[in-house]
Amino acid sequence: MIVIVDLLLMLIDLTYSILSAIVQTVLRPRLKCIDGELCLITGSGGALGRLFALEFAKEGAHLVLWDCNEEANEQTAKLARELGVKVHAYTVDLSKRMSIYETADRVRAEVGEVSILVNNAGVVAGRRLLDCPDELLERTLLVNCHALFWMTKAFLPQMKTTNHGHIVTVASALGLFSTACVEDYCASKFGAVGFHESLTHELLAEENDGIKTTLVCPYIVDTGMFAGCEIRKELRGLIPPLDPLYTVQQSMKAILAEQQMICIPRLMYIPFITRALLPWEANVATYRFMGGDKCMLPFIKNVELKNVNGHVKS
């Protein structure tokens with residue numbers, strides 16, 4: 001009898017959740033105020049990280065900026081300070097666990113407790129698996145996936161103490177479905193998605209309802225990270241690389257609305273669903289039709305050419 005009652009309650013919750021999602025899609029959801037919150041953003045010296053910093057600053061959040069590139073990070077800090085918020089910049093190697101923990105201790109001592117954590121930093125080797133040095137493969141996994149564990153362990157305890165906070169994971173559409181020649185990136189982003197979802201379930205199970213999470217899964221963003229990547233030419237106008245500012249602004253709307261997950265553009269929900277529903281061969285046929293099976297080859301070629309010329313950015 002108890003099972004039947006629980007089943008009915010689950011169906012009611014399921015129906016409510018679906019209807020609520022539909023309403024929020026049609027109507028503009030209420031956005032929360034983050035004025036005065038302390039927001040830490042990783043990879044803040046890069047294109048997306050810088051835009052995230054500026055968008056959070058516009059909302060009145062004070063910033064802690066982490067990046068391995070000190071010069072680029074300081075430039076982001078300078079731009080954010082012009083918007084009237086407090087900014088603290090730190091040079092951090094996210095591939096090293098102790099660098100994360102030590103810098104986290106400095107942040108707590110010098111600035112205060114972080115209430116919004118944006119795990120944005122990401123790298124890719126840009127080499128075919130059998131041609132890629134092990135160190136580059138490991139670096140992708142360390143920065144894109146392992147660092148999420150260390151960042152969360154460093155800053156979640158205080159969020160739990162106050163039952164207040166927000167953890168944002170900037171993953172990728174390639175964490176929901178895969179393509180060829182970027183095994184390191186896909187593996188790290190699948191790991192990031194799995195980590196984020198498990199963490200979200202843990203917070204819900206422990207009834208830490210004041211700690212929110214948002215998973216961001218964008219399509220290829222036009223930052224130069226995947227320069228040369230292209231699908232079938234007839235379809236490029238339908239799914240062009242995303243504008244970085246648009247990507248961040250859509251992400252911010254989801255974060256401020258406390259939306260659990262966002263795929264950018266919405267079209268990315270389709271391959272995510274079909275991957276689970278269709279047979280493997282059907283997905284392969286779809287990938288081949290769209291040119292998704294070979295879309296990374298021009299990108300890999302670009303990286304190889306840069307390697308020959310000695311201009312690869314690590």
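Residues numbered from 1 in each chain as written. Predicted model: local features only at pLDDT ≥ 70, side-chain atom pairs only at ≥ 80, totals over all residues. Heavy atoms only, no water.

In the annotation of an unreviewed UniProt entry, the entry for the chain reads NADP-retinol dehydrogenase, and the organism field reads Dissostichus eleginoides. In the Catalytic activity (unreviewed entry) part of its UniProt record, the chain is described as follows: "all-trans-retinol + NADP(+) = all-trans-retinal + NADPH + H(+)". Under Pathway (unreviewed entry), UniProt gives the following word-for-word description of the chain: "Cofactor metabolism; retinol metabolism." (UniProt positions renumbered as here; feature names shortened; annotations may be inferred.)

## Re the packing of aromatic side chains
Following the criterion strictly, the structure yields 7 aromatic pairs and no others. Residues Phe149 and Trp150 carry aromatic rings whose centres are separated by 6.2 Å and whose planes lie at 50° to one another, so their mutual orientation is tilted. Accessibility expressed as a relative area gives 36% for Phe149, which makes it partly exposed. Three or more aromatic residues joined by ring pairs form one cluster here, namely Tyr101, Phe149, Trp150 and Phe195. Over the aromatic face of Trp150 sits the side chain of Arg97, whose NZ or CZ is 5.5 Å from the ring centroid. The residue whose ring lies beneath Arg108 is Phe155, and the NZ or CZ to ring-centre distance is 5.8 Å. (Phe/Tyr/Trp six-rings, centres within 6.5 Å; stacked < 30°, edge-to-face > 60°. Buried < 20%, exposed > 50% of the residue type's maximum accessible area, 1.4 Å probe, protein only. Lys NZ or Arg CZ within 6 Å of the ring centre and 35° of its normal.)

## Brief notes about the sheet that holds strand β3 (residues 87-91)
One open sheet accounts for 7 strands, arranged β3-β2-β1-β4-β5-β6-β7; its pairing is parallel. Strand pairing shows two members of the sheet lacking a second neighbour, β3 and β7 (261-264), which therefore form its edges. When the angles between neighbouring strand axes are averaged without regard to direction, this sheet yields 15°. The sheet contact formed by strand β1 (residues 38-42) and strand β4 (residues 116-119) spans 3 bridges and is parallel. (Pairing = 2+ DSSP bridges. Helix = DSSP H or I, 4+ residues; strand = E, 2+ residues; numbered from the N terminus. Axes fitted to C-alpha atoms, helices over the stretch in contact; angles between N-to-C directions.)

## What about the pattern of salt bridges?
Under the criterion given, the structure shown has 9 salt bridges. Put simply, Glu258 and Lys32 hold a salt bridge, and the shortest N to O gap is 3.5 Å. Of this pair, Glu258 sits in the loop between α7 (244-256) and β7 while Lys32 is found in the loop between α1 (2-26) and β1, placing the two residues 226 residues apart along the sequence. Residue Arg232 is joined to Glu234 by a salt bridge in which the shortest nitrogen-to-oxygen separation is 3.1 Å. Among the charged side chains, a salt-bridge network with shared partners connects Lys160, Glu202 and Glu206. (Salt bridge = Lys/Arg side-chain N within 4 Å of Asp/Glu carboxyl O.)

## Let's talk about the packing of helix α4 (residues 97-110) against helix α5 (residues 134-162)
Direction vectors running N to C along α4 and α5 enclose 30°, while the axes themselves pass 10 Å from each other. When the axis of α4 is compared with that of α5, the two are roughly parallel. As α4 packs across α5, the resulting crossing turns out to be right-handed. Every residue of α5 that contacts α4 at Arg97, Ile100, Tyr101, Ala104 and Arg108 is listed here: Ala147, Trp150, Met151, Lys153, Ala154 and Phe155. A per-class count over the contact of α4 with α5 returns 8 nonpolar, no polar and 3 charged. (Parallel < 35°, antiparallel > 145°, perpendicular 65-115°, else oblique. Left-handed = near helix turned anticlockwise from the far one by under 90°. Contact = heavy atoms within 4.5 Å. Nonpolar A, V, L, I, M, F, W, Y, C, P; charged D, E, K, R; others polar.)

## Side note on the pairing of β4
Within a regular beta strand, the side chains point alternately toward one face of the sheet and then the other, so they alternate between its two faces. What you see with β4 is no split at all: Ile116 and Val118 on one side and Leu117 and Asn119 on the other are buried throughout. Two elements, β4 and strand β5 (residues 165-170), share 4 bridges in a ladder whose sense is parallel. Residue pairing across strands places Leu117 opposite Ile167, the latter belonging to β5. Once you follow β4 into α5 and on to β5, the crossover reads as right-handed. (Right-handed = clockwise from strand over helix to strand, strands pointing away.)

## A look at the nonpolar core
Membership of the largest hydrophobic core comes to 85 residues, with the highest contact counts inside it found for Phe56, Leu63, Trp66 and Met296. Once residues within four sequence positions are removed from consideration, Phe56 is found in contact with Ile34, Cys39, Ile41, Ala61, Leu63, Ile116, Val118, Met252 and Ile255. (Core = buried A, V, L, I, M, F, W, Y, C linked by side-chain atoms within 4.5 Å.)

## A closer look at empty space enclosed by the protein
Per the stated rule, a full pass over the model turns up 1 cavity of 30 Å³ or more. Approximately 60 Å³ is the volume found for the largest cavity. In this structure, the largest cavity is lined by 13 residues; those nearest its centre are Thr42, Asn119, Ala121, Val143 and Leu148. Secondary-structure elements contributing two or more residues to the lining of the largest cavity are α5 and β5. Sort the elements by how many residues they give to the lining of the largest cavity and α5 lands first, with 5 residues. Across the lining of the largest cavity, the residue classes tally to 7 nonpolar, 5 polar and 1 charged. (1 Å grid on protein atoms, 1.4 Å probe; cavity = no way out; pocket = protein on both sides within 12 Å on 5 of 7 lines; lining within 4 Å. Points joined across faces, edges and corners; volume = space filled by probe spheres on them.)

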